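Working through the structure, step by step
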Amino acid sequence: MKNLMRISIVATVIALLLGLASCKGTDEPKIQDIDLASTAWSGKVSSKTASGVSIEIPFGIVFVDKTMAKMEYYTDPTSFIREVGYSSFVWDSINRTKVMRYVKKDKNIRFEGNNIHFMEETWIIHEMNAQRLTLVSRTENMQRAIWIHLTRQI
């Protein structure tokens, strides 16, 4: 009888441990493959300076269709862009929207042709669902990586 009780307790403990292990979250956010065409997003672009100071600017993207997107800078991004290492950017305060092509493939989005150097590269989709979109680039040095955190508007 005592052996049966011990076996029962051990089996219960093992079942609880296996149950807890299967409930454990992962560090990797879930990526839902959503159609970005005809959606609008706003949020921020952030990174760190060479000395480790956090910097960010408000930012938005409208995915016009399956190949074209509009980037909107709500404030002058010149200092941010220079801090992340691109010195040739010139701000156009009249036209705050930059049109560019994009290609979404697997877990990446490639932006091209907007003459804003930090955007013209392949971005890793870190998180994507119906309400949130997070992209990251320059991951070879995560301390200086550039992050785009967006919330869906339409």
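Please refer to the structure higher up on the page.
Now for a quick tour of the structure. (Residues numbered from 1 in each chain as written. Predicted model: local features only at pLDDT ≥ 70, side-chain atom pairs only at ≥ 80, totals over all residues. Heavy atoms only, no water.)

1. Things to note about the overall build of the protein chain
Definition in use: Numbering of helices and strands runs from the N terminus, with a helix taken as a DSSP run of H or I at least four residues long and a strand as a DSSP run of E at least two residues long. We call two residues in contact when some of their heavy atoms are within 4.5 Å. Methods summary: accessible areas were calculated by the Shrake-Rupley approach with a probe of 1.4 Å, and residue burial reflects only the protein chains presented.
Secondary structure summary: the protein chain contains 2 helices and 8 strands in total. For the protein chain, the share of sequence-separated contacts (at least 6 apart) that also reach a separation of at least 24 residues comes to 50%. Summed over its atoms, the accessible surface of the protein chain is roughly 9600 Å², and 56% of this surface lies on carbon and sulfur atoms.

2. Section: the packing of aromatic side chains
Rules: When the centres of two rings from Phe, Tyr and Trp lie within 6.5 Å, Trp using its six-membered ring, the rings pair. Their planes under 30 degrees apart give stacked, over 60 give edge-to-face, and anything left gives tilted.
Under the definition given, this model contains 4 aromatic pairs. Each member of the aromatic cluster is reached from another via a ring pair, and the members are F63, Y102 and F111.

3. Quick notes on the sheet that holds strand β3 (residues 68-73)
This is how it is decided: A pair of strands is treated as paired once DSSP finds two or more bridges between them. To get an axis, a line is fitted to the C-alpha atoms, and for a helix only the part in contact is used. The angle between two axes follows their N-to-C directions and goes from 0 to 180 degrees.
Within the closed barrel, the 8 strands sit side by side as β1-β2-β3-β4-β5-β6-β7-β8. Their pairing is antiparallel. With strand direction ignored, the average angle separating the axes of adjacent strands in the sheet is 35°. Note that strand β7 (residues 132-137) and strand β8 (residues 146-152) share 6 bridges and pair antiparallel. Across the sheet, the residue bridging to V136 is W147, located in β8.

4. So, the nonpolar core
So the rule is basically this: The term nonpolar core refers to a set of buried residues drawn from Ala, Val, Leu, Ile, Met, Phe, Trp, Tyr and Cys, joined through side-chain atoms within 4.5 Å. Partly exposed residues are those whose accessible area sits between 20% and 50% of the maximum for their type, while under 20% is buried and over 50% is exposed, using a 1.4 Å probe and protein chains only.
Among the nonpolar cores identified, the biggest contains 31 residues, and F111, F118 and M119 are the most heavily contacted of them. Per-element tally for this core: the top contributor is strand β2 (residues 54-63), with 5 residues.

5. Brief notes about the pairing of β2
Two faces, one strand: in a regular strand the side chains alternate between the faces of the sheet. Note that strand β1 (residues 39-48) and β2 share 10 bridges and pair antiparallel. Bridge pairing in β2 links V45 to I57. Taken together, the 5 bridges between β2 and β3 define a ladder with antiparallel strand orientation. Opposite V62, over in β3, you have K70 as the bridge partner. If you look at the hairpin formed by β2 and β3, you'll find 4 residues sitting between the two strands.

Spatial relationships are all this shows, so hold off on functional conclusions.
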